[in-house]
Amino acid sequence: MDFRLLCVHAHPDDEAIWTGGTLAKYADQGATTAVVTCTWAAGTRRAAELERSLDILGAGAPRLLGYADARNAASAPGAPRFVDAPLEETVGRLVAQLRQFRPDVVLTYDAYGGYGHPDHVHAHRVTLAAVEASGYDQLYPEAGEPWWPRAVYLATFPRELVEQHYESLFGAPPGPGQALMGVPAGRIAVHLDVAAWKERKWAAMHAHESEVGRGASMTLLTSLPEPARTQLLSNEWYRRLPFTEERPLSTTLEP
């Protein structure tokens, strides 16, 4: 398959949780896949766990931007938090990765960052800015030859599914005005059935032993009834943002 897919994630383990089935599926079909991780530095425990996860998913070596996690300064000693670093700098680092890898498609979080984590929300914003900037030869000329992916896909969930499983995950129904993950199902462009890769995805998630140990997302998934956990592991959903022109020149702003 002559196809290159790049994921941009905030933290080690997000590649497995949000896009693990997609990465494994496309790697097995012959695509070239890779992951840029915005936080945590080389030499840390979580960077080593990321390397094992990527090996399981067939996604190459870690590509670390090297910033600190918003909630853990020890993630990249001496480096600024990802959310505090100058936008010009963070976009430039990601542009360099885009021009070096030259993906057909880029995957990242939706605008809410999945569930509102500040690093996820910032990764969404930086990714969209970098994908746009990457195609302009006037911007970041030192980063390599310009490159525009064909599309960006935003990992998300159908809101209806979130509502269905919310109480099982969090022990109580959402409160009044509670912000929920996901978007209405009609806003989703792609639904991937990754059931054939769910065990690889689960194994990649468990490669992040430090996250398993502290009771992170894997603990929430483990607490679900088996049918619900299987449903969530076996399906991945995306919104689509096209980034290349695939229609004739127009004289109107038609939808």
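Every value quoted in this text rests on a predicted model; they were computed, and no experiment measured them. Sequence order as written defines residue numbering, which begins from 1 separately in each chain. In keeping with the model being predicted, local features are shown solely for residues with a pLDDT of at least 70 and side-chain atom pairs are shown and tallied solely at 80 or more, while totals for entire chains, interfaces and linings include all residues. The side-chain quantities take in all heavy atoms of the structure and omit both hydrogens and water.

Engineer: Break down the overall build of the protein for me, with residues and values.
Structural biologist: Under the DSSP-based scheme used, a helix requires at least four consecutive residues in state H or I and a strand at least two consecutive residues in state E, with every element numbered from the N terminus. Across its full length, the protein carries 10 helices and 7 strands. Our radius of gyration is a C-alpha quantity, and the globule rule it is checked against amounts to 2.2 Å times the number of residues to the power 0.38. For the protein, whose C-alpha radius of gyration is 18 Å, the value lies close to the compact-globule estimate of 18 Å for 255 residues. For the protein, the spread of C-alpha atoms along the principal axes amounts to about 50 × 50 × 40 Å. For the protein, restricting intrachain contacts to residue pairs at least 6 apart in sequence, the fraction spanning at least 24 positions comes to 76%. Positive charge is attributed to Lys and Arg, negative charge to Asp and Glu, and no charge count is given to His or to the chain ends. Positions of charges follow a simple convention, taking NZ of Lys, CZ of Arg, CG of Asp or CD of Glu. The average position of the 23 basic charges and that of the 31 acidic charges among the side chains of the protein differ by 1 Å. Two residues form a contact once any of their heavy atoms are found within 4.5 Å.

Engineer: Describe the sheet that holds strand E1 (residues 4-9), with residues and values.
Structural biologist: Strands were regarded as paired on the criterion that DSSP finds at least two bridges between them. Reading across the sheet, the 7 strands line up as E3-E2-E1-E4-E5-E7-E6 and stay open at both edges, with mixed pairing between neighbours. Bordering the open sheet on either side are strand E3 (63-67) and strand E6 (190-193), each of which pairs with just one other strand. Taking each pair of neighbouring strands and ignoring which way they run, the sheet shows an average axis angle of 25°. Judged from the 4 bridges that link them, E6 and strand E7 (residues 235-242) form a sheet pairing that is antiparallel. Of the residues in E7, the one forming a bridge with His-191 is Trp-237. For helices, the fitted line uses only the C-alpha atoms of the stretch in contact; every axis is such a line through C-alpha atoms, and the angle between N-to-C directions lies from 0 to 180 degrees.

Engineer: Before we move on, could you go through the pattern of salt bridges and cite the residues and values that matter?
Structural biologist: Salt bridges are defined as contacts in which a side-chain nitrogen from Lys or Arg sits within 4 Å of a carboxyl oxygen from Asp or Glu. Counting across every chain of the model gives 11 salt bridges. Residue Asp-28 pairs with Arg-200 through a salt bridge whose shortest N-O separation is 3.0 Å. Taken together, the residues span a long stretch of sequence, with Asp-28 in helix H1 (residues 14-28) and Arg-200 in helix H7 (residues 198-206) at a distance of 172 residues. Of the residues examined, Asp-28 reaches a relative accessible area of 48% and is grouped as partly exposed. To sort residues, take the accessible area from a 1.4 Å probe on protein chains only and compare it with the maximum for the residue type: under 20% means buried, over 50% means exposed, and anything in between is partly exposed. By relative accessible area, which is 26% here, Arg-200 ends up partly exposed. For Lys-201, the salt bridge goes to Glu-236, with nearest N and O atoms at 2.8 Å. Here Glu-236 lies in strand E7 and Lys-201 lies in helix H7, a separation of 35 residues in the sequence. With respect to class, Lys-201 is no different from Glu-236; both count as buried. Taken together, the shared-partner salt bridges connect Asp-13, Arg-46, Glu-211 and Arg-214 into one network.

Engineer: Which residues make up the packing of helix H6 (residues 159-170) against helix H10 (residues 226-233), and what values do they have?
Structural biologist: Their axes nearest at 12 Å, the elements H6 and H10 cross at an angle of 150°. In terms of axis orientation, H6 runs roughly antiparallel to H10. Where H6 crosses over H10, the two elements pack in a sense that is left-handed. Packed against H6, whose contacting residues are Leu-161, Gln-164 and His-165, the element H10 presents Ala-228, Gln-231 and Leu-232 at the interface. Under this scheme an angle from 65 to 115 degrees is roughly perpendicular, one under 35 degrees roughly parallel, and one over 145 degrees roughly antiparallel; angles in between are oblique. With the far helix as reference, a near helix turned anticlockwise by less than a right angle produces a left-handed crossing, and one turned clockwise produces a right-handed crossing.

Engineer: Go over the state of the cysteines, please, and point to the residues and values.
Structural biologist: Whenever a pair of cysteine sulfur atoms sits within 2.5 Å, that pair is classed as a disulfide. Considering all chains together, one arrives at 0 disulfides under this definition. Residue Cys-7 stays outside any disulfide, its sulfur separated by 12 Å from that of Cys-38, the closest cysteine. Look at Cys-38 and you get buried, because its relative accessible area is 1%.

Engineer: Residue-level account of unusual backbone geometry, with values.
Structural biologist: Negative phi values dominate among residues other than glycine, just as trans dominates among peptide bonds. Even without glycine at this site, Asp-13 takes up a positive phi of about 105°. Along the chain, the position of Asp-13 falls in the loop between E1 and H1.

Engineer: Could you give an account of the side chain of Thr-19, naming the residues involved and the relevant values?
Structural biologist: In this structure, Thr-19 sits in helix H1. A distance of 2.9 Å separates the side chain of Thr-19 from the backbone oxygen of Glu-15, its partner in a polar contact. When near neighbours in sequence (up to four residues on either side) are disregarded, Thr-19 contacts Cys-7, His-9, Asp-14, Leu-107, Glu-236 and Tyr-238. We define a polar contact as two N or O atoms separated by no more than 3.5 Å, with the added condition that, inside protein, one atom must be a possible hydrogen donor and the other a possible acceptor, whereas residues neighbouring each other in sequence contribute only through side-chain atom pairs.

Engineer: Which residues make up the environment of Leu-23, and what values go with them?
Structural biologist: Along the chain, Leu-23 turns up in helix H1. Given a relative accessible area of 0%, Leu-23 falls into the buried group. Linking Leu-23 and Arg-200, residues 177 residues apart in sequence, is a C-alpha distance of 10.0 Å. Other than its neighbours up to four places away in sequence, Leu-23 contacts Leu-5, Cys-7, Glu-15, Thr-33, Ala-34, Val-35, Leu-57 and Ala-59.

Engineer: Any chance you could break down H10 for me, citing the residues and the numbers?
Structural biologist: Among the residues of H10, Ala-228, Arg-229, Leu-232 and Leu-233 are the ones counted as buried. Taken end-on, H10 shows its buried residues confined to a sector of 130°, consistent with a single buried face. What the arc describes is the spread of directions from the helix axis to the C-beta atoms.

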